[in-house]
Amino acid sequence: MKTSHKSTPDMKPLASLAVDVLDAGSRPRAGRTPCHIGTNLTFTTELLESYCLREWEPIIYDALIVMGAVEFCDRIFRRPVQHWGREIELRIPVHEPERWNASEVSRALHDALCFVTGDRWSLSFIARRTPFTLPKQVPIPIASDIDAVIPFSDGLDSCAVAGLMHKQMGDRMMRVRLGTKRFCSPESTEKQPFTSIPYKVKRTNSKFVESSARSRGFKFAMVSGLAAYLVQANRIIVPESGQGALGPALVPVGQTYEDYRNHPMFMSRMEKVLFALYGRRICYAFPRIWYTKGETLDSFVKECCDGPAWATTWSCWQPNYQVSVEHKKRQCGVCAACQLRRMSVHAAGLSERPDTYVWENLKASSFNEGAAGGFTHVLKAQYQYAIAGTLHLAELSALQEDQMNNGTIKLAASQLAKALSLTESEAGARLARLLSQHKREWNGFLDALGESSFIVKWTRRS
Amino acid sequence: MSDGPFRSLPLARHWRELAKLAENGNYSREDLADAAFTALEKTWRKDVPAALVVAIHGLFLKPQHRLFASDRVEEVEALSDLAAGRPLGRLLIEHAAMVVQEGLSGEIGMIEATQRTVEAWEARTYRQIEEHYIREAPPSLTRKVRERVWNALADGDRRALARLLFSQQGRVKRPSHARKHVGLDEGVAL
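This section reports on the structure supplied with the text.

1. Some details on the overall build of chain A
From N to C terminus, chain A includes 14 helices and 12 strands. The C-alpha radius of gyration computed for chain A amounts to 23 Å, which stays within 12% of the reference 23 Å derived for 462 residues, consistent with globular compactness. In terms of overall dimensions, chain A has C-alpha extents of about 65 × 60 × 55 Å along its principal axes. Within chain A, buried positions represent 58% of all 462 residues. Of all intrachain contacts in chain A linking residues separated by at least 6 positions in sequence, the fraction that spans at least 24 positions is 72%. Within the structure as shown, chain A displays about 18,900 Å² of accessible surface, and the carbon and sulfur contribution to it stands at 50%. Of note, chain A has its 58 positive side-chain charges centred 4 Å away from the centre of its 46 negative side-chain charges.

Following this line, the structure appears as structure tokens:
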């Protein structure tokens with residue numbers, strides 16, 4: 001599976017993997033890991049039909065195969081602990097290999113993938129042995145005046161930003177469901193577009209080993225790009241507030257590569273991919289990037305009639321078996337995503353039931369004491385996620401204080417200016433305001449927790 | 001932020017050595033600054049491809065008077081393939097592009113880009129050490145290590161390091177461990 005590569009004497013070569021995606025009747029080349037369509041990449045016909053708006057185009061299937069194949073490679077291959085990057089060679093059968101191998105498409109695709117994952121990718125495309133056809137092709141009628149699509153998950157930002165944008169745009173904005181849950185009622189007989197990502201990726205005989213999942217950014221950007229192409233929208237709304245879009249790239253830790261999954265720099269690369277692939281200019285827009293999640297939530301609750309819907313959203317990424325209390329799934333309450341949510345709810349002057357979270361009480365003086373009474377299996381990993389989450393929010397809050405970070409802030413402002421077509425001083429001022437607002441919200445949250453809280457004790461304030 | 005950031009990865013050996021020295025009050029600020037310098041140099045050697053160093057060196061030192069800054073930025077960014085899979089290498093490209101955009105060139109520009117890259121890397125490594133100590137050490141030791149590593153990084157001569165990293169002569173032999181103080185006059189400073 002892994003092959004050695006040449007490198008300079010000072011430097012270890014990147015760990016490498018080569019994968020051949022195989023359609024029916026194909027065999028992998030020597031030394032390549034197979035990824036079988038139909039076994040490792042499985043499609044649901046019914047969900048694929050939700051991508052058949054007018055007539056079926058092979059590019060739809062090809063784009064989905066590319067997303068799935070990239071995800072397969074990313075998750076099957078564990079990152080080395082001391083060196084982030086890997087080298088991944090991937091060959092994929094598609095209906096139109098000339099289109100995918102065209103230098104503009106290839107260059108843009110490689111640039112976007114290397115940038116978002118921090119790996120070195122080498123993709124090539126060959127012709128499929130047999131074309132794929134959708135068994136039933138019943139087009140879904142859609143309005144002809146769709147201006148924008150918005151990728152949509154169960155998250156708080158998804159709910160709030162979709163609500164705020166819907167208020168502005170009404171039915172000229174269309175939702176694209178990420179993940180595998182559907183957003184339409186199962187009883188509904190009316191067909192709706194983009195009800196779910198129509199494929200699943202599986203490993204043969206074992207579980208995936210890599211959880212950093214940077215390729216999710218590529219998957220979500222590609223699937224919303226595909227949807228925008230199909231409904232002829234020229235805009236994709238990224239439903240992420242400032243901390244979620246920019247935070248993970250502003251305060252990376254150790255040898256971990258910056259997380260650009262929701263960052264304008266990645267999306268500007270994806271715009272080039274979409275243009276090269278579909279021949280249409282489709283832009284990613286960030287309506288809430290200069291606001292904190294707390295500000296976005298506050299606006300949603302005050303301005304939208306479905307404001308209370310925020311309480312049903314889900315921010316935690318931890319799996320069921322790690323975060324159930326008495327057989328009922330909860331959000332963990334301590335990972336970075338949960339702490340950001342709790343801080344934002346506090347900043348918006350709202351509250352949640354304590355049993356929303358496994359860690360009901362963040363005012364507790366120790367980590368274990370903060371968990372719900374019925375929760376018995378506290379994992380070491382959860383303790384470590386909690387520390388990482390606390391420090392992430394604290395570092396973001398302190399970013400402007402430490403002189404050591406001046407270069408990072410200046411660089412970020414310059415890069416954001418370029419990606420969002422702003423002047424550097426505009427981008428710098430907006431970033432500074434965002435960070436100051438985050439700091440106010442974080443300090444307010446810590447004040448509310450009190451000095452004896454285990455969260456406060458982990459911060460440099462203690 | 002649908003998932004992550006997750007817990008940080010294990011500390012690299014040379015950064016773990018710096019943290020261990022910081023635990024021990026017998027090592028001075030100078031010893032720690034020296035260990036930080038060594039750790040940065042080793043990280044650089046392992047994560048910045050020599051071909052990238054040579055290419056950036058060439059771009060900064062070639063005559064620029066006929067090119068617009070935006071053309072020069074594009075030239076720097078075009079090197080990104082050389083740094084694919086190498087986070088520190090990519091960071092160097094980003095800082096080099098920024099420095100070029102600001103109009104700096106020649107050796108001054110090159111050193112400035114390297115210095116900024118090194119500073120940014122220090123910050124992320126400091127965060128990693130902090131996270132590991134909060135996980136595993138008592139609060140008093142965590143505070144001590146935080147403070148002493150912070151001071152060591154602040155004391156480092158980053159400009160000198162930047163010059164060293166970009167020297168075409170290659171690496172200068174430096175001790176991999178802090179020197180033990182064994183002489184009669186080498187005790188802990190009073």
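Next comes the rest of the write-up.
2. Some remarks on the pattern of salt bridges
Under the criterion given, the structure shown has 41 salt bridges over all chains. The salt bridge partner of A:Glu395 is B:Arg127, with a shortest N-O separation of 3.5 Å. Pair noted here: A:Glu395 is in helix α11 (residues 380-398) and B:Arg127 is in helix α6 (residues 106-136), and the two residues belong to different chains. For the pair formed by A:Glu395 and B:Arg127, the shared burial category is buried. Put simply, A:Asp74, A:Arg79, A:Arg86, A:Asp119 and A:Glu210 are held in one network by salt bridges that share partners.

3. A few points about the sheet that holds strand β9 (residues 235-237) of chain A
Residues and elements named next belong to chain A. Sheet architecture is open: four strands sit in the order β7-β6-β9-β10, paired in parallel fashion. If you trace the sheet from one side to the other, it starts and ends with β7 (173-177) and β10 (283-285), each paired once. In this sheet, neighbouring strand axes are inclined to one another by 30° on average, regardless of whether the strands run parallel or antiparallel. Sheet topology places strand β6 (residues 148-152) next to β9; two bridges connect them, and they run parallel. Along β9, the bridge assignment pairs Val149 with Ile236.

4. Re unusual backbone geometry
All names here are of chain A. Positive phi values are uncommon outside glycine, yet Phe194 reaches one of about 55°. Mapped onto the fold, Phe194 is located in the loop between β7 and β8 (199-201). Judged by relative accessible area, which is 0%, Phe194 ranks as buried. Although it is not a glycine, Ser421 adopts a positive phi angle of roughly 55°. Note on Ser421: relative accessible area 67%, which makes it exposed.

5. Some remarks on the packing of helix α12 (residues 406-420) of chain A against helix α13 (residues 424-449) of chain A
All names here are of chain A. Two elements in contact, α12 and α13, have axes separated by 8 Å at closest approach and are oriented at 120°. Accordingly, the angle class assigned to the pair α12 and α13 is oblique. Here α12 runs over α13; the crossing is right-handed. From α12, Ile409, Ala412, Ala413, Ser414, Leu416 and Ala417 reach across to α13, where they touch Glu424, Ala427, Gly428 and Leu431. Split into classes, the residues belonging to the contact of α12 with α13 amount to seven nonpolar, two polar and one charged.

6. Thoughts on the state of the cysteines
Residues and elements named next belong to chain A. If you walk through the whole model with that rule in mind, you get zero disulfides over all chains. Between Cys114, a free cysteine, and Cys73, which holds the nearest cysteine sulfur, the sulfur-to-sulfur gap is 13 Å. Lacking any disulfide linkage, Cys338 is separated from the closest cysteine sulfur, that of Cys335, by 3.7 Å. Under the relative-accessibility criterion, Cys338 is labelled buried at 0%.

7. Comments concerning the environment of B:His57
Structurally, the position occupied by B:His57 is in helix α3 (residues 50-61). For B:His57 and B:Lys20, which are 37 residues apart along the polypeptide, the C-alpha to C-alpha distance reads 35 Å.

8. What about the sheet that holds strand β5 (residues 120-127) of chain A?
Residue and element names in this part refer to chain A. The strand order across the open sheet formed by four strands is β2-β1-β4-β5, and the pairing between neighbours is parallel. Because the sheet does not close on itself, it has two edges, and the strands there are β2 (33-36) and β5. The average angle at which neighbouring strand axes cross in this sheet is 20°, direction not considered.

9. Examining the nonpolar core
Within the largest apolar cluster, 101 residues are counted, with the highest numbers of intra-cluster contacts made by A:Leu90, A:Trp100, A:Phe218, A:Leu226, A:Phe266 and A:Leu431. No other element matches helix α2 (residues 58-76) of chain A, which puts 13 residues into this core. Those residues in contact with A:Phe266 that sit more than four places away from it in its chain are A:Ala112, A:Phe115, A:Val116, A:Gly217, A:Phe218, A:Ala221, A:Tyr260 and A:Arg261. In this structure, B:Ala22, B:Val76, B:Leu88 and B:Ala137 belong to the second largest nonpolar core, which totals 52 residues.

10. Re the interface of chain B and chain A
In this complex, chain B contributes 53 residues to the contact, which on the side of chain A involves 67 residues. Here chain B and chain A share an interface that buries about 5,200 Å² over both sides, 54% of which is from carbon and sulfur atoms. Our count for the chain B to chain A interface comes out at five salt bridges. Salt-bridge contacts for B:Glu102 lead to A:Lys410; the nearest nitrogen and oxygen are separated by 3.6 Å. For the interface between chain B and chain A, the tally reads 18 residue pairs in polar contact (both at pLDDT 80 or more). Residue assignment for the side of chain B that touches chain A shows that the elements contributing at least two residues are α2 (29-47), α4 (69-77), α5 (87-101), α6 and α7 (139-155) of chain B. Considering every element that reaches the side of chain B that touches chain A, the biggest residue donor is α6(B), with 15 residues. Split into classes, the residues belonging to the side of chain B that touches chain A amount to 23 nonpolar, nine polar and 21 charged.

11. Digging into the side chain of B:Gln128
Relative to the helices and strands, B:Gln128 resides in helix α6. Discounting residues that sit within four places of it in the chain, B:Gln128 has contacts with A:Val253, A:Gly254, A:Gln255, B:Ser8, B:Leu9, B:Pro10 and B:Leu11.

12. Quick notes on the packing of aromatic side chains
Residues and elements named next belong to chain A. Going through the model one piece at a time under the given rule, you end up with 23 aromatic pairs over all chains. A ring pair is formed by Phe43 and Tyr61, whose centres lie 4.9 Å apart and whose planes are at 35°; its orientation type is tilted. Of this pair, Phe43 sits in strand β3 (residues 41-43) while Tyr61 is found in helix α2, placing the two residues 18 residues apart along the sequence. You can call Tyr61 buried: its relative accessible area is 3%. Ring centres of Phe72 and Phe208 lie 6.3 Å apart, and the angle between their planes is 80°; on these two criteria the pair is classed as edge-to-face. Here Phe72 is found in helix α2, whereas its partner Phe208 is found in the loop between β8 and α6 (215-231), with 136 residues between them in sequence. Exposure remark for Phe72: the relative accessible area of 2% places this residue in the buried category. Pairwise contacts between aromatic rings join Trp359, Phe367, Phe375, Tyr383, Phe454 and Trp458 into one cluster.

13. Observations concerning the pairing of strand β1 (residues 15-22) of chain A
Every other side chain in a regular strand lies on the same face of the sheet, so the side chains alternate between the two faces. All names here are of chain A. Across the eight residues that make up β1, a large majority, seven, are buried. The pairing of β1 with strand β4 (residues 86-94) spans six bridges and is classified as parallel. When the sheet's bridge partners are listed, Ser16 is paired in β4 with Glu87.

Cut-offs and rules
Residues numbered from 1 in each chain as written. Chains lettered and ligands numbered in written order. Predicted model: local features only at pLDDT ≥ 70, side-chain atom pairs only at ≥ 80, totals over all residues. Heavy atoms only, no water. Helix = DSSP H or I, 4+ residues; strand = E, 2+ residues; numbered from the N terminus. Rg over C-alpha atoms; globule rule 2.2 N^0.38 Å. Buried < 20%, exposed > 50% of the residue type's maximum accessible area, 1.4 Å probe, protein only. Contact = heavy atoms within 4.5 Å. Areas by Shrake-Rupley, 256 points an atom, 1.4 Å probe, with all protein chains shown as cover. Lys, Arg positive; Asp, Glu negative; His and termini not counted. Charge placed at Lys NZ, Arg CZ, Asp CG, Glu CD. Salt bridge = Lys/Arg side-chain N within 4 Å of Asp/Glu carboxyl O. Pairing = 2+ DSSP bridges. Axes fitted to C-alpha atoms, helices over the stretch in contact; angles between N-to-C directions. Parallel < 35°, antiparallel > 145°, perpendicular 65-115°, else oblique. Left-handed = near helix turned anticlockwise from the far one by under 90°. Nonpolar A, V, L, I, M, F, W, Y, C, P; charged D, E, K, R; others polar. Disulfide = S-S within 2.5 Å. Core = buried A, V, L, I, M, F, W, Y, C linked by side-chain atoms within 4.5 Å. Buried area = accessible area lost by both parts, 1.4 Å probe. Polar contact = N/O pair within 3.5 Å; in protein donor to acceptor, adjacent residues only side chain to side chain. Phe/Tyr/Trp six-rings, centres within 6.5 Å; stacked < 30°, edge-to-face > 60°.

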